[in-house]
Amino acid sequence: MAVLGLVPAIVIPLGVPFYVALCTRIMIFAIAAISLDLIVGYGGMNSMGHAAFLGIGAYSVGIFSAYGIDNGFIQFGIAMLASALIAAFIGIISLRTSGIHFIMITLAFGQMLYFLMVSINSFGGDDGLTIAKSSIFFLLDLRSPVTLYYCCFAVLVLVLWIMNRLIGSRFGMALRGLKSNQARMVAIGLSPFRYKLAAFVLSGTICGIAGALLANEDLFISPASMHWARSAEILMIVIVGGAGSLLGAVLGAAAYVSLEYFLSGFTEHWQIILGLILLLVILFRQQGLYGLLLVRTRSTRNA
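Colleague: Which residues make up the packing of aromatic side chains, and what values do they have?
Modeller: According to the stated counting rule, one finds 12 aromatic pairs in the structure shown. Between Phe 18 and Tyr 19 the ring centres are 5.6 Å apart and the planes differ by 70 degrees, which places this aromatic pair in the edge-to-face class. The exposure class assigned to Phe 18 is partly exposed, which follows from its relative accessible area of 35%. Since its relative accessible area comes to 32%, Tyr 19 is described here as partly exposed. Each ring, one from Phe 18 and one from Tyr 261, has its centre 4.6 Å from the other, and the planes form 35 degrees; the classification is tilted. Remark: Tyr 261 occurs in helix α11 (residues 246-264) and Phe 18 occurs in helix α2 (residues 18-40); sequence separation between them is 243 residues. Since its relative accessible area comes to 38%, Tyr 261 is described here as partly exposed. Through a chain of ring-to-ring contacts, three or more aromatic side chains come together here, namely Phe 18, Tyr 19, Tyr 261 and Phe 262.

Here it is as structure tokens:
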């Protein structure tokens, strides 16, 4: 996190400001991955429709901008509220299922929202929507790459702090207990539905914030951000980084976004290489990059 905080001060004097944009994108996807990791890594709820919340947050910025409203407090507030409400609706229905059925029903809801935005021509339909103005928070204009960078950095630090406190709380312990042995948790008097729904809504809300930041980073939004393939990418980031670890989501986002950029420079079939890397991680390092970091740390201490 200290390295991320110093990136603009290092790369801009060196004349390579592109890395500010690259790290901004890494932090945005890290926030989205942290939100998914809450329900996947800690709650055992494998969702394949999480990109819907990313799109809701992004469209909240794009639609208000199209009507000349660039107040960031309004845009981000609506992004969080809309994501929370839709997450509550989806969660109330989806959480009555489990396993493969939960995966399929979240996928179905995600695709429903995707095709809904494709069908609304007023907001660009399948062609997407160009965002004329970035969000403004009083004197902070996210049009500036450095301002947007530190806004994403602040949100990432805040989300990590909140999640760390949440996971260590009684709520977090109950959520992990439900993942480990739901029948036993029910036997001691816990209500699985309420805990899982609360986690699902919080997860969707945080992903909505990531979507609003992504809209400011791209200044463009299309239904593609809500497609199931985007949900698979976020899930891939969680797996590569190490499910059930907050730092793992950041490491996974850094690895995925960096590999996407550098591999795409060599070949247009870069996803084949990325798929091979994911396969190797699943087969030989199921704890992901975070697990590898723990092994290296322990080896250094023992030495």
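Colleague: Outline helix α1 (residues 2-11), supporting the account with residue identities and numerical values.
Modeller: Think of an α-helix as turning once every 3.6 residues; residues three or four places apart then point the same way. Listed as buried for α1 are Leu 4, Gly 5, Val 7, Pro 8 and Val 11. Axial view of α1: buried residues confined to an arc of 160 degrees, hence all on one face. Residues of α1 that are exposed and point over 90 degrees away from its buried face: Ala 2, Val 3 and Ala 9. Looking at the buried residues of α1, the elements they touch are α2 and α6 (145-168).

Colleague: Lay out the pattern of salt bridges in plain terms, naming residues and giving numbers.
Modeller: In total, this model carries four salt bridges according to the counting rule given. Linking Asp 218 and Arg 25 is a salt bridge whose minimum nitrogen-to-oxygen distance equals 3.1 Å. Note that Asp 218 is positioned in helix α9 (residues 192-218) and Arg 25 in helix α2, a separation of 193 residues in sequence. In this structure, the salt-bridge partner of Arg 230 is Glu 233, at a minimum N-O distance of 3.0 Å. Of this pair, Arg 230 and Glu 233 both sit in helix α10 (residues 228-241), separated by three residues, roughly a single helical turn. Owing to a relative accessible area of 18%, Arg 230 belongs among the buried residues under this scheme.

Colleague: Tell me about the nonpolar core, and please be specific about residues and values.
Modeller: Core analysis: the biggest nonpolar cluster contains 86 residues, and Ile 31, Ile 34, Leu 156, Met 163, Phe 200 and Leu 213 have the highest contact counts within it. Element by element, the count of residues in this core is highest for α2, at 16 residues. Sequence-distant contacts of Ile 34, that is, excluding residues within four places in its chain, are made with Leu 156, Val 159, Leu 160, Met 163, Leu 246, Ala 249 and Val 250.

Colleague: Go over the packing of α2 against α6, please, and point to the residues and values.
Modeller: Where α2 contacts α6, the axes come no closer than 9 Å and their chain directions differ by 25 degrees. Between α2 and α6, the angle is such that the two are roughly parallel. In terms of crossing hand, the pair formed by α2 and α6 is left-handed. The segment α2 lies against α6, with Val 20, Cys 23, Thr 24, Met 27, Ile 28, Ala 30, Ile 31, Ile 34 and Leu 38 engaging Pro 145, Leu 148, Tyr 149, Cys 152, Phe 153, Val 155, Leu 156, Val 159, Leu 160, Met 163, Leu 166 and Ile 167. Its residues assigned to classes, the contact of α2 with α6 shows 20 nonpolar, one polar and no charged.

Thresholds, definitions, all that
Residues numbered from 1 in each chain as written. Predicted model: local features only at pLDDT ≥ 70, side-chain atom pairs only at ≥ 80, totals over all residues. Heavy atoms only, no water. Phe/Tyr/Trp six-rings, centres within 6.5 Å; stacked < 30°, edge-to-face > 60°. Buried < 20%, exposed > 50% of the residue type's maximum accessible area, 1.4 Å probe, protein only. Helix = DSSP H or I, 4+ residues; strand = E, 2+ residues; numbered from the N terminus. Arc of directions from axis to C-beta. Contact = heavy atoms within 4.5 Å. Salt bridge = Lys/Arg side-chain N within 4 Å of Asp/Glu carboxyl O. Core = buried A, V, L, I, M, F, W, Y, C linked by side-chain atoms within 4.5 Å. Axes fitted to C-alpha atoms, helices over the stretch in contact; angles between N-to-C directions. Parallel < 35°, antiparallel > 145°, perpendicular 65-115°, else oblique. Left-handed = near helix turned anticlockwise from the far one by under 90°. Nonpolar A, V, L, I, M, F, W, Y, C, P; charged D, E, K, R; others polar.

By themselves, these figures tell us nothing about what the structure is for.
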